[in-house]
Structures are given as structure tokens and as C-alpha cells.
Amino acid sequence: AAPESCPDVSGQRERLLRVLALATFVIFFQAFMVAPIIPQLSAAFSASAETVGLIVPAYLIPYGIATLAYGLLADRFGIRPLMFASLTAFAVLTVLTATAHSVVALATWRVFTGLGASGVVPLALVLVGGMFPYEQRGWPLGWLFGAMAGGMAFGSTFGAVLEPYIGWRGLFLLVGIIGAGVLLLLLPY
């Protein structure tokens, strides 16, 4: 029987797909939770909202540029080590963002987080391309793109909802810990 028809292999790749979708969700949640809490960050750092707002592109620009490099790096070093490195960087740097005591430090952590996190989604797409035959890629890609959209929607919503209860530092800590949990879920694969 072909590998895709074997129940064990099929079940394992579907579990991996769910973990990759969860990783994608968390990456996008974290990216989009920031904009709604800019007023709280502005008050915390006694800085204008315009100045604090620069932390959004401080993450997104390096993220966008670095995604271009991960494909080349994966060809050279392999997908597995880069996926683990990217998700580890995301988790660690998101937690370290909670330690920022100035807008400059916050923006710096966001730059590094963007660089580190940017490998997860493109590598997940490469993995899906390798795990599923062409005619079966629609629903796995739907899972990943749905996770992106869900991360954006829930991040922008729940960033604002959770911040009054756990604070902006708690928000970054929580997402970093969830990222570490996703990394642990990914280890068996």
C-alpha cells in the first residue's frame, strides 16, 4: 500500500499537520496581539502611541524579509533543525520581550523575534508539500491558512481582552510558554 493509505502513516501526518497549524496559529496570534495593546504599552513606557506603534513594523519587516531566507537555509541545513530553531527562537524571544523596560528594548526584542519566528510558516508549507500528494494538499493548506487567519483574528481580539487581566508582560509570557508547548508537541516528529 502507498504510504498515504497506511493508517499509521496517515494518522501521524495528520497529527503533525495539526501541530504545524497550531504553531502557525501561535505565530500569527503573537504578531497581531500587539497593535490593540499599543495604548497600554504607551502608558507603560510614557511614550507616544506613534513611537510605540513602531514595534509593529519592527516585527513584521524582519519577519517578511527573513521568510525569504528560510527556504534556502532549509535546502542547506534541513527542515527539521531549522523548524526547531525557529520555533525555539520564537518561544524564547517572546518571553524575553516581557522583560523590556524601554520602547527601544521592546522594539529590539520584536526585531529578533520576527527574525526567529519567520521560519515556522514557510517550513510548515514545505512540510505539507512533502507529506501530501499534490491532489491531497488542498485541505492541509487550508488548515495552515486557516490557522494564520485564526491567529490574526484571535490575536487582535484576545490581546486586547487578556491584557487588562494579565498585563502586557503576562501576555508575552503566556504566548512564549504556549510556543514552548508547541515545540514540545513537535519534538516527536
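Residues numbered from 1 in each chain as written. Predicted model: local features only at pLDDT ≥ 70, side-chain atom pairs only at ≥ 80, totals over all residues. Heavy atoms only, no water.

### Some details on the overall build of the chain
Selection rule: The way it works is that DSSP assigns letters per residue, a run of H or I at least four long becomes a helix, a run of E at least two long becomes a strand, and they are numbered from the N terminus. Taken over C-alpha atoms, the radius of gyration is set against a globule rule of 2.2 Å times the number of residues to the power 0.38. Buried, partly exposed and exposed residues are distinguished by accessible area as a fraction of the type maximum, computed with a 1.4 Å probe on protein chains only: under 20%, between the cut-offs, and over 50%, respectively.
Of regular secondary structure, the chain possesses eight helices and zero strands. Taken from the N to the C terminus, the helices and strands of the chain come in the order α-α-α-α-α-α-α-α. Over its C-alpha trace the chain gives a radius of gyration of 17 Å, about what one expects of a compact globule, namely 16 Å for 189 residues. Expressed as lengths along the three principal axes of its C-alpha atoms, the size of the chain is roughly 65 × 35 × 25 Å. Within the span of the chain, comprising 189 residues, buried residues form 43% of the whole.

### With respect to helix α5 (residues 79–97)
This is how it is decided: One fewer than the residue count of a helix, multiplied by 1.5 Å, yields its expected span.
A rise of 1.5 Å per residue sets the reference length of α5, with its 19 residues, at 27 Å; its end C-alpha atoms lie 26 Å apart and thus fit the reference within 8%. Every buried residue of α5 is accounted for by L82, M83, F84, S86, L87, F90, A91, L93, T94 and T97.

### What to know about the environment of R18
Mapped onto the elements of the fold, R18 is located in helix α1 (residues 7–32). Each C-alpha atom, one on R18 and one on A31, is 20 Å from the other, the two residues being 13 residues apart in sequence.

### Comments concerning unusual backbone geometry
The backbone of S46 shows a phi angle near 50 degrees, a positive value even though the residue is not glycine. Locating S46 in the fold gives a position in the loop between α2 (38–45) and α3 (49–52).

### Some remarks on the packing of aromatic side chains
For clarity, the threshold we go by: The aromatic pairing rule takes the rings of Phe, Tyr and Trp, using the six-membered ring of Trp, and pairs them if the centres are within 6.5 Å, calling planes under 30 degrees apart stacked, those over 60 edge-to-face and the rest tilted.
Counted under the stated rule, the structure contains nine aromatic pairs. A ring pair is formed by F154 and F158, whose centres lie 5.6 Å apart and whose planes are at 5 degrees; its orientation type is stacked. Note that F154 and F158 are positioned in helix α8 (residues 138–186) at a spacing of four residues, about one turn of the helix. Site record: aromatic cluster; members linked through ring pairs are F25, F29, F154 and F158.

### With respect to the nonpolar core
Using the following cut-off: Nonpolar cores are built from buried Ala, Val, Leu, Ile, Met, Phe, Trp, Tyr and Cys residues. Side-chain atoms within 4.5 Å join them into one set. Two residues form a contact once any of their heavy atoms are found within 4.5 Å.
The biggest cluster of nonpolar side chains holds 54 residues, and the ones touching the most others in it are L20, I27, L41, L87, W168 and L186. Counting residues per element, the ones that place at least two in this core are α1, α2, α4 (55–77), α5, α6 (103–117), α7 (120–131) and α8. The residues contacting W168, other than those within four sequence positions of it, are I37, L41, A44, F45, T97, A98, A100, L106 and E163.

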